[in-house]
2 protein chains.
Amino acid sequence: MLPRGPIGVFDSGFGGLSVLKELQRALPAADFLYLGDNARAPYGTRSFDTVYTYTLQAVRWLFDHDCPLVIIACNTASAKALRSIQQRDLPHIAPERRVLGVIRPTAEAVGQLSSSGVVGLLGTPGTVASGSYDIEVAKLHPGFRVVAEAAPMWVPIVEQGFAASDGADWFVAEAVDRLLARDPDIDTIILGCTHYPLLYHKIRAAVPESINLVCQGHIVAASLLDYLQRHRDIDAAISRGGNTLYCTTDDAEAFAARASVFLDRHIEARTISLQ
Amino acid sequence: MLPRGPIGVFDSGFGGLSVLKELQRALPAADFLYLGDNARAPYGTRSFDTVYTYTLQAVRWLFDHDCPLVIIACNTASAKALRSIQQRDLPHIAPERRVLGVIRPTAEAVGQLSSSGVVGLLGTPGTVASGSYDIEVAKLHPGFRVVAEAAPMWVPIVEQGFAASDGADWFVAEAVDRLLARDPDIDTIILGCTHYPLLYHKIRAAVPESINLVCQGHIVAASLLDYLQRHRDIDAAISRGGNTLYCTTDDAEAFAARASVFLDRHIEARTISLQ
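Cut-offs applied
- Residues numbered from 1 in each chain as written.
- Chains lettered and ligands numbered in written order.
- Predicted model: local features only at pLDDT ≥ 70, side-chain atom pairs only at ≥ 80, totals over all residues.
- Pairing = 2+ DSSP bridges.
- Helix = DSSP H or I, 4+ residues; strand = E, 2+ residues; numbered from the N terminus.
- Axes fitted to C-alpha atoms, helices over the stretch in contact; angles between N-to-C directions.
- Contact = placed C-beta atoms within 7 Å.
- Least-squares fit on C-alpha atoms with pLDDT ≥ 70 in both.
- Buried ≥ 20, exposed ≤ 12 C-beta atoms within 10 Å, placed from the backbone.
- Nonpolar A, V, L, I, M, F, W, Y, C, P; charged D, E, K, R; others polar.

A. Main features of the sheet that holds strand β9 (residues 244–248) of chain B. All names here are of chain B. Taken together, the 6 strands give an open sheet; going across it, the order is β4-β3-β1-β2-β9-β10, and neighbouring strands pair in parallel fashion. The open sheet terminates on both sides in strands that have one partner only, identified here as β4 (98–100) and β10 (269–271). Averaged over all pairs of adjacent strands, the angle between their axes in this sheet comes to 20°, without regard to strand direction. Where strand β1 (residues 7–11) lies against strand β2 (residues 32–36), 5 bridges are found, and the strand directions are parallel. Each bridged residue has a counterpart across the sheet, and for Phe10 the counterpart in β2 is Leu35. In this fold helix α13 (residues 252–263) packs onto β2, β9 and β10, with an angle of close to 145° to the strand it touches most, β10.

Okay, here's the thing in structure tokens:
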């Protein structure tokens, strides 16, 4: 039997906090261990090998800290590393534990939202290049297709505190227009990066009202509740004290200060090192 | 006697290529070995410890590849790591080799440019927080002072290919205005990041004509020529075939493609790993 431990939530930096927030709301009694690899963020523009290596190091670290289940709350890492870790590494390093991503539940959800079957995706260059949403959506919803464009400036705009500035408008409009110009039948757009909810109001204003905008936090939380119903062994291995520990690979104080933007409340963090 | 080898040029990513270009022009017969730590870039928002650790790994790697001299062509790394490496590490790991940065030569140059003695600095958050320019300028030019503001969006704007876009204008004006509002006597502005020359025309248009703008490439190249005149042992240890080898810690093909923006010509690169 698995020792009890917190649910691990991994992200390249701060973005996963927008997912964590919804997970905490859905599972208020559960313990969480959040790990942000801020010292090496952002992942969105890095190669497959690099993202895979970094993500595997993070997953191992979370397993070493007793997590029975790890949520990769980063689209780039889910896109570039999850499948390899699930299929190649997990059977050897921890066959009884689980690693889940954010792409599959999102791909499931668009089935109910899109009538035209043409789904837009805005994400980091890494997520877009991976083609992971295309593959998952096509597998789950035959006849659907994904039209994707990268929005590489949105993460730095959010991380540097310019999400509410007028300067963000040009970059929001530029990426949205580039996507919509690709196909007039897009009726649903996936915000395929955990930073993007912080630009929600600007994105909503730039996208015609008739088009659905999909944020991932709620979807991933609902999907996890469902998963735990179906996997009682994993559910039983989650420790329940309602606590969250925040760890980062970079400066803890800076992390805690910036994390408040995502969480809307004060937290403390500690620095750890990955290798 | 030192074995002969190339001049090492280190940067967190692409920015150092704007310095390398001027070094190649000043020393056309010398060999160079460029190393960009793209897998962990950008350094500008990272903690002191992290930047120090990464920079020391890079310097060791360049020494292992026979560089008698390493130029840290990254302002953040020069600000946060150079002094520790020169004073604490170099005497143990390679007492006969040299590591030079970009801040000291820049600080020397402003002495001839500023009449008011009030020097503006635009740089990454890391360079600004380090206070390194303040210290160097005050030491070399008593009575001078540095007024600094961070321009954290300029690096992603350049790296993502938006340097010529209208979207860059708001972020250029925002940082310039924030700096100039600090002190009406600023008559010289240091562009304290190797990416910023790619935004030169926009910055020049946002800054009043009466104010000097200081780019680092020429300054660092002139300073190196002078240094080699005074250190003949280091000069003699530089191999001279006129070749440059480009290495990156991330994807080589992507590096080569993006490097052409900085160098204005096609190059090839290889991937190496730092630890």
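B. Expanded view of the sheet that holds strand β8 (residues 212–214) of chain A. Residue and element names in this part refer to chain A. Spatial ordering of the open sheet is given by β6-β5-β7-β8, a layout of 4 strands whose pairing is parallel. Each edge of the open sheet is held by one strand with a lone partner, namely β6 (145–150) and β8. Between one strand axis and the next, the sheet turns by 25° as a mean value, whatever way the strands run. In this fold helix α5 (residues 103–113) packs onto β5 (118–123), β7 (188–191) and β8, with an angle of close to 165° to the strand it touches most, β8.

C. Here's a closer look at the relation of the copies chain B and chain A. Once turned by 180° and shifted 0.0 Å along the axis, chain B lies on chain A with an RMSD of 0.0 Å. Expressed as an axis order, the relation between the two copies is that of a two-fold axis. Identified as the residue of chain B closest to the rotation axis by C-alpha distance is B:Arg40, at 2.4 Å. Taken together, the interface assignments show that 100% of the residues at the interface of chain B recur at the interface of chain A, consistent with an identical surface on both copies.

D. Representation of the environment of B:Thr127 in the model. All names here are of chain B. If you trace the backbone, Thr127 turns up in helix α6 (residues 125–130). Judged by the 28 C-beta atoms lying within 10 Å of it, Thr127 falls in the buried class. For the pair Thr127 and Tyr54, spaced 73 residues apart in sequence, the C-alpha separation works out to 16 Å. Residue contacts for Thr127: discarding those within four places in its chain leaves Gly44, Asn75, Thr76, Ala79, Ser132, Gly192 and Cys193.

E. Region of interest: the interface of chain B and chain A. In this complex, chain B contributes 18 residues to the contact, which on the side of chain A involves 18 residues. Ranked by residues supplied to the side of chain B that touches chain A, first place goes to helix α9 (residues 167–180) of chain B with 4 residues. When its residues are assigned to classes, the side of chain B that touches chain A shows 8 nonpolar, 4 polar and 6 charged.

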